[in-house]
Structure formats: structure tokens, C-alpha cells
Amino acid sequence: MAAGLLEQARAHLQAGRIDDAMAAARAALSVSPEDPEAMLLMARILRRTGRYDIAAPMYDAILAHYPDSAEGHAGLGACYGAVRRYTDAIPSLEQAVALKPDYFEAWCFLGEALIEQGKTAAAIDCFEKSLSIAPYNHVAISKYLFHIAFDPRFDAQRIFDLNRDWGKHVESFDRALGVARPRRPGERIRLGYVSDEFRQGVTSRFMESVLSQHDREVFEIFCYARNADRDGATQTLSGYGDTWRNLSGLGDAEAAAAIRRDAIDILVLCTSYRAESRVVMAYRPAPVQVCYNNMVSTTGLSAVDYKITEALTDEPAWYVEKLVQLTRANVYMPSEFVAPPGPPPCLAAGYVTFGSFNNPGKVTPETVAVWSRILDTVPLSRLILKSSYRFSDPGTRLYFQELFAAHGIRDDRLTLLEGDSDLAGHLARYGMIDIALDPFPCNGGTTSCEALWMGVPVISMAGETFMNRQGIAYLSRLGLADLVAHSADAYVAIAGKLANDTARLSQLRASLRGMSEKLLLDRVGHTRELELAYREMWRRHQSGEAPVGFAVSGDSLTTAAG
């Protein structure tokens, strides 16, 4: 009887019927309270529902009786990882893969814990192990394709090839859709934005700038939210669209069919950095499809016609999509009032403080080596690293302390800060640093915009992909191209020169906010250029012309951008 109930529970869980799965698993446990399979399944269901406080003790109980349970160790490690106890998660996950080397989910969970500790190369190796066991598995593929941009072992060609390979795999399946609703004469261009991050976070901040500025006489705006969690940002964004549809809980095929029924003319993907977010585009629910925001590489999908970008960040060779280069980039404006920046802190402290508030996974050993050279070059200088939550983990702190110590940088010159409770508090932290250091090969995006808006100059290293050319785009637009390096030696020299120029630091502190608002954060100008691009895409489609790359500057178009 218990075996039958377990089969029912597994079937319900696979179909996403969590309540039914829970009921069947409880019934199985009532029949066989010490059945390890029933206990493991119940713990997995609890973990799936986010009840880590109950699931973790259950895994402990399982392991007390069955210490060689690979699933028990993996589940416990996954629970620890979910509550950001990475130092505790890693040994459990290492034990799981030692017991069961072909456990592809455990390899992925281990990679996730390692990347959160900043151990990028080791994490990538784990994702690759997971994918070698179960090719294209959805547990690992998104993490892998995103984080390879952090790893200096991966150049532009390899990143392109891996994303394109995944895209071909996705497009190898039949994804035919039914006929869309016919368009009616005189309708506005139907513009659809699809995202699984229409909630508080970076995507919502960027998208609010665009959605709030669209010309409703020309465009009818549809928003497709695939995130189950809703918050104040979701509520705000929902007020900007003509139609808001909650597609959470729908599979890719169902979501694509819902979009298709709305007869969308141009579908815009807003969260393409995760592979699973892109799959809906493979169904071609709209005749014109665009990749817009948060892109680390090509989508790899031939069904995506265009990518919105700018001249200094992308090379056509690394994209399946045709590039549409705007003069005014996507913008982010802080949603809370923050006082204007004060003077650079070095004037009172007597020493320069460098800082980086980026994801520690971007701070590779190669980056640490260069930043350590800067600290050696600038006597008495300090470095502050800040992350939203990662430095609360003792293993993460120890890892970075040891990385810098290997280059002779003592703990008294390195400060590791945890996150702040709100955006205003986070931005106020920029008052502690004089110069922001951009990591490489993956530059900061939102982080750099915030630093510049807070009056903190950013020193960046330029490379060959979008992710390591964001700094050059921002700084060139601000007339600060001299802060962009093309080699490690140049990076160190630029930092040393700026650190010794307190007059310039003071001038930048006083002027960068105004410069940023005028030259970087022009949400109206950006949206007008974006709309001109959309109109050109739709014109080409209606006239039967193939997609081509083009550039937009103000109200003018130049074709063949890539």
C-alpha cells in the first residue's frame, strides 16, 4: 500500500500538484513511518515548498539511520544552500556526489553553493559535471550559461558556441502553435514584454523606466509576468501596461500559446540571462521577437530576431540575433531619494578607499591579483567588498581573506560588508569609498550605474564580450574613457593615478550625479529610441523584409549595424 501511495506522490510532484503530493506522502508515512523512501520524498516535497526549517531536520533524521543516503546528504545540502549557509551546504553536497558520482542534481547544487562563495571556477566545473551526466538538464544549464561569463577560461567564441548549442537543442523539438487572432485594421502595434522577474529587483527598476514612458497612441502594451511571487514592484509595473497577464504556473508551451492568442506583434524578452526564461521564445508566439534586457550572451535561438544593445558593448559575430544599437542605453534610476554625495572620504581619512559592491562570483582570483597590486601601489589604501548577503557566510569571508592574504594584503586593509535592508541604505554605503573597481572579465552593470550616480568614479577593464564591455560603454558616454584599461598593468596605473589626484576625485564627486542623469539616465530619450527601433522592426516585417542590424541615434536610423 505504501508503495502505491509513493508512486501517487511522485506523480503529483512531477505534475506540480504540491498539495496532492504532500497528502499522498503523508498517507504513505502513516502506513510505513520509517520507510526511507517515504521520508525522503516527504523531505523533498517540504524543500520544494520552501519549508527548509522542517525539511532539514527530517534529512538529519534520515541520515542518522541511513548515513550512506546520497539523496539525504544532497537534500540537506540543498536546504542549507537555500538559507545561505553555504559553509554547511558544501560538505553535505560533496558527500552526496562521493556516494553517488552520477547524481547530476547534487553536482548542480554543489556548483550553486560554490558560486555563492565566489569560487567560480570550481562551480563551473560542477555544472559541467552535471551536464556531462544529464546533458541540457534544466537544473544546471541556466546556471552554467550565465556564470561562464564570470570565468576567464571562457572567451567570446566559446560562450557563443555553448549558447548556440543549447539553442539548437531547444529548437530541435516540435513547437508548433495554433493560428493567432487576426489583427484588426488601425490597431496600435501590440508590444508584449515577458519576464519572470516582474518583482522587486534589478529588472523591475530598469523596466519601470521604459514602461512608464511608452507612447500609448502608437503602442498597446502587454506584460506577461511569469514570476509566482508578487510584491510592491509587481503592483507598480502592472499599472503601466494596457494588459497585464499572470502566466506563473504555466509551462513554456502554455505561456507561448497565451501570448499567441493576444496577437502580439513584437514580443520582448526581458530576462534572457537565464536559459529557462528564453524557451518561450522558441515557440515563436509573435512574428517579431526581441531580446532586450539582462543579456550575458546570445540567446542561441534563431527564433529571436533582434537584440537591443549599443555600439561599444557587442560584436555581431557573437550573436544569432541582429543587433540594434541605441545611442541612449537602458536606464536605471534609484527609486528612493538619496542625498547628494558628500566629499570623497579620503579627504578626512587620510587614505584612499577602493570598493566593489558586485557579486563576489565576479571577483575572480585574477581580479584579486590585480586589485592587490593596486593596494600595494597606493600606500595605506583600503578595499571594501560588499554583497547583498554572501559575506554573512563564514566560508565566503574566509575564502576572500585567504585570496588577498596570498598577495600580502592583511585583513586590516580588507572590509567585507553584508547587505542593507533597503536600497537607500545600500546606496548610502557609497559614501565610504573613493573609487569603485570594476571586476573582470564580467563587469558590473547596475552596480556601476549606482556608483556613478553616487559620485564614485569607476575603473574598468574592457574585453571582447558584452559582460566585459559595460564599463567602457558607461565611462565613454560620460567622457571618462581614460578610466578604462585594456591590460592589467594599465588598470593598476589608472587606479594609482586617480588615487593620487584628490582634486579630480573631489570634482567627480560633485559632478558625476548630474553627468549621469544627463548622459546615462535619460529614460525619455532611451524609450523614444527604443520605440523608433520597434517601429522599424515592424515596418520590415510588414514589408516582408528580413531582419537586419541597424543603429538608432535620436530620431535617425542607420542600417547594417550587425
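This text follows the structure it describes.
Residues numbered from 1 in each chain as written. Predicted model: local features only at pLDDT ≥ 70, side-chain atom pairs only at ≥ 80, totals over all residues. Heavy atoms only, no water.

A. Structural context of the packing of helix α5 (residues 70–82) against helix α6 (residues 86–99). Direction vectors running N to C along α5 and α6 enclose 160°, while the axes themselves pass 7 Å from each other. Comparing their axes, α6 and α5 come out roughly antiparallel. In the crossing of α5 with α6, the sense of the turn from one axis to the other is left-handed. Residues A70, H73, A74, L76, G77, A78, Y80 and G81 of α5 lie in contact with α6, whose contacting residues are Y86, D88, A89, S92, L93, Q95, A96 and L99. In terms of residue class, the contact of α5 with α6 is made up of 10 nonpolar, five polar and one charged. (Axes fitted to C-alpha atoms, helices over the stretch in contact; angles between N-to-C directions. Helix = DSSP H or I, 4+ residues; strand = E, 2+ residues; numbered from the N terminus. Parallel < 35°, antiparallel > 145°, perpendicular 65-115°, else oblique. Left-handed = near helix turned anticlockwise from the far one by under 90°. Contact = heavy atoms within 4.5 Å. Nonpolar A, V, L, I, M, F, W, Y, C, P; charged D, E, K, R; others polar.)

B. Geometry of the pattern of salt bridges. Taken as a whole and assessed by the stated rule, the structure comprises 33 salt bridges. When the shortest N-O distance is used, the salt bridge between E128 and R158 registers 3.7 Å. A residue pair is termed long-range when its members are at least 10 positions apart, and E128 in helix α8 (residues 120–133) and R158 in helix α10 (residues 156–171) qualify at 30 residues. With relative accessibility at 28%, the residue E128 sits in the partly exposed group. Ionic pairing is found between R164 and E171, a salt bridge with its closest N-O pair at 3.5 Å. A network of salt bridges, in which partner residues are shared, links D196, E197, R274 and E276. (Salt bridge = Lys/Arg side-chain N within 4 Å of Asp/Glu carboxyl O. Buried < 20%, exposed > 50% of the residue type's maximum accessible area, 1.4 Å probe, protein only.)

C. Layout of the sheet that holds strand β10 (residues 414–417). The strand order across the open sheet built from six strands is β10-β9-β8-β11-β12-β13, with neighbouring strands paired in parallel fashion. Each of the sheet's edge strands pairs with one partner strand only, and the pair in question is β10 and β13 (484–485). Relative to strand β9 (residues 382–386), strand β8 (residues 353–356) is paired through four bridges, and the arrangement is parallel. Looking at β9, one finds that S356 is bridged to L385. Sheet strands touched by helix α20 (residues 470–477): β12 (458–461) and β13. Its angle to β12, the strand with the most contacts, is close to 135°. (Pairing = 2+ DSSP bridges.)

D. Structural context of helix α3 (residues 36–48). If you check α3, its first and last C-alpha atoms are 18 Å apart, about what 13 residues at 1.5 Å a residue would give, namely 18 Å. Looking at α3, one finds that the buried residues are A38, M39, L40, L41, M42, A43, I45, L46 and R47. Just past α3, the residue G50 takes up positive phi, approximately 85°. (Expected span 1.5 Å × (residues − 1).)

E. Region of interest: α6. For α6, which comprises 14 residues, the first-to-last C-alpha distance of 20 Å matches the rise-based estimate of 20 Å (1.5 Å per residue) to within 8%. Buried within α6 we find Y86, A89, I90, S92, L93, A96 and V97. Those residues of α6 that are buried lie in contact with α5, α7 (104–116) and α17 (394–405).

F. The arrangement of the state of the cysteines in detail. Tallied over the entire structure, the rule returns zero disulfides. Here C79 stays free of any disulfide, with the sulfur of C108 as its closest cysteine sulfur at 15 Å. Looking at C270, it has no disulfide partner, and the nearest cysteine sulfur is the one in C223, 7.7 Å off. Look at C270 and you get buried, because its relative accessible area is 0%. (Disulfide = S-S within 2.5 Å.)

G. The packing of aromatic side chains, seen in detail. In the structure shown here, the tally under the stated rule is 11 aromatic pairs. A ring pair is formed by Y144 and F154, whose centres lie 6.3 Å apart and whose planes are at 80°; its orientation type is edge-to-face. Residue Y144 is found in helix α9 (residues 138–147), and its partner F154 is found in the loop between α9 and α10; the two are separated by 10 residues along the sequence. Comparing Y144 with F154 shows no difference in burial state: the two are buried. Pairing F146 with Y273 gives two aromatic rings, centres 5.2 Å apart and planes at 55°, and the pair type is tilted. Here the residue F146 occupies a position in helix α9, and Y273 occupies one in the loop between β4 (266–269) and α14 (275–282), the gap between them amounting to 127 residues. Neither F146 nor Y273 differs from the other in exposure class; each is buried. Taken together, the ring pairs connect F146, F150 and Y273 into an aromatic cluster. Over the ring of F466 we find K307; its NZ or CZ atom is 4.7 Å from the centre of that ring. If you follow R382 out to its NZ or CZ, it ends over the ring of Y351, 4.2 Å from the centre. (Phe/Tyr/Trp six-rings, centres within 6.5 Å; stacked < 30°, edge-to-face > 60°. Lys NZ or Arg CZ within 6 Å of the ring centre and 35° of its normal.)

H. Inspection of the pairing of strand β5 (residues 288–291) at higher detail. Side-chain alternation along β5 places V288 and V290 on one buried face and Q289 and C291 on a second face that is also buried. Sheet topology note: the β4/β5 ladder contains four bridges and is parallel. Its bridge partner being in β5, L267 is matched across the sheet by Q289. Read as a crossover between parallel neighbours, the route from β4 over α14 to β5 is right-handed. Relative to strand β6 (residues 306–309), β5 is paired through two bridges, and the arrangement is parallel. Residue pairing across strands places C291 opposite K307, the latter belonging to β6. (Right-handed = clockwise from strand over helix to strand, strands pointing away.)

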